[in-house]
Amino acid sequence: MPPIPPSAADAPAETGTWRATATTQDQERIRGWYKSWETALADARARGNGADVDREGILLQPMAALPNPHLPAGDYRCRTVKIGAQGRSGLGYVGYGWFRCRVAPEQGLSSLTKISGSQRPVGLIFPDNLKRQIFLGTLELGDEKMAVDYGSDRMRDMAGLVERIGDNRWRLVLPAPAYESLLDVIELVPAS
């Protein structure tokens, strides 16, 4: 197995970085991304969803990140795949259809907003290393028109890795989400 790439989670926080912004809980989510991924994949396979996981290919391969993870501004098609289940009765794999997402410049960084669907991540993307960026945000639900502030509700806070996995193909990996699954992966491809 290839070595797990280092994360800036292990470096001291500097003002304006994701480490200075992230809650302690989200720093732990980022630090434990690989373990979360392994646990989620094992759970999905144990629940009989191995073929579903395999069908997703590179999207669900933990070490598939390519250099240059920068997610350009623009409109995207995005879909969420939930892996593993919290609790005995949950589903080990759920793959949703395509929704709309947008990446835009914001506060000297980039923002990522899922603009359709009933569960909509909204947040900022920070630099991390040569193969990933870090997403910190919150979850907007149902007919809500405005996201709660990051850090104000630990059940809504989200933290993840933004990685490029192909030409014009990215993913947002959300380890240890608060609801339903053990790992969420949001696939992003340009809308046009």
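Everything in this summary refers to the structure shown in the same document. Small disclaimer: the values here were computed from a predicted structure and weren't measured.

## Here's the deal with the pattern of salt bridges
Stage number 1. Following the criterion strictly, the structure yields 14 salt bridges and no others.
Stage number 2. Glu56 is paired through a salt bridge with Arg79; the nearest N and O atoms lie 2.8 Å apart. Residue Glu56 is found in the loop between helix 4 (50-55) and strand 1 (74-83), and its partner Arg79 is found in strand 1; the two are separated by 23 residues along the sequence. For the pair formed by Glu56 and Arg79, the shared burial category is buried.
Stage number 3. When salt bridges that share partners are traced, they join Glu56, Arg79, Arg169 and Glu187 into one network.

## Brief notes about the state of the cysteines
Stage number 1. Evaluated as defined, the whole model comprises 1 disulfide.
Stage number 2. Through a disulfide, Cys78 is tied to Cys101; the S-S separation comes to 2.1 Å. In this structure the cystine formed by Cys78 and Cys101 twists about its S-S bond by roughly 85°; its chirality is therefore right-handed. Here the residue Cys78 occupies a position in strand 1, and Cys101 occupies one in strand 3 (residues 99-106), the gap between them amounting to 23 residues.
Stage number 3. Residue class for Cys78 comes out buried when judged on its relative accessible area of 0%.

## Thoughts on the packing of aromatic side chains
Stage number 1. Here the structure, examined in full by the defined rule, presents 3 aromatic pairs.
Stage number 2. Ring geometry for Trp33 and Tyr34: centres 5.4 Å apart, planes at 85°, overall edge-to-face.
Stage number 3. Given the relative accessible area of 2%, Trp33 is considered buried.
Stage number 4. When the ring of Tyr76 is compared with that of Trp170, the centres are 6.0 Å apart and the planes differ by 90°; the resulting orientation is edge-to-face. With a gap of 94 residues between them, Tyr76 in strand 1 and Trp170 in strand 8 (residues 169-175) connect regions that are remote in the sequence. Trp170 shares its class with Tyr76; the two are buried.
Stage number 5. In this structure an aromatic cluster arises from ring pairing among Trp33, Tyr34 and Trp37.

## Observations concerning helix 3 (residues 33-46)
Stage number 1. Spanning 14 residues, helix 3 covers 20 Å between terminal C-alpha atoms, matching the ideal 20 Å at 1.5 Å per step.
Stage number 2. For helix 3, the complete set of buried residues consists of Trp33, Tyr34, Ser36, Trp37, Ala40, Leu41, Asp43 and Ala44.
Stage number 3. Positive phi appears at Gly48, one or two residues downstream of helix 3, with a value of about 90°.

Cut-offs used in this document
Residues numbered from 1 in each chain as written. Predicted model: local features only at pLDDT ≥ 70, side-chain atom pairs only at ≥ 80, totals over all residues. Heavy atoms only, no water. Salt bridge = Lys/Arg side-chain N within 4 Å of Asp/Glu carboxyl O. Helix = DSSP H or I, 4+ residues; strand = E, 2+ residues; numbered from the N terminus. Buried < 20%, exposed > 50% of the residue type's maximum accessible area, 1.4 Å probe, protein only. Disulfide = S-S within 2.5 Å. Phe/Tyr/Trp six-rings, centres within 6.5 Å; stacked < 30°, edge-to-face > 60°. Expected span 1.5 Å × (residues − 1).

Nothing here speaks to function; it is all geometry.
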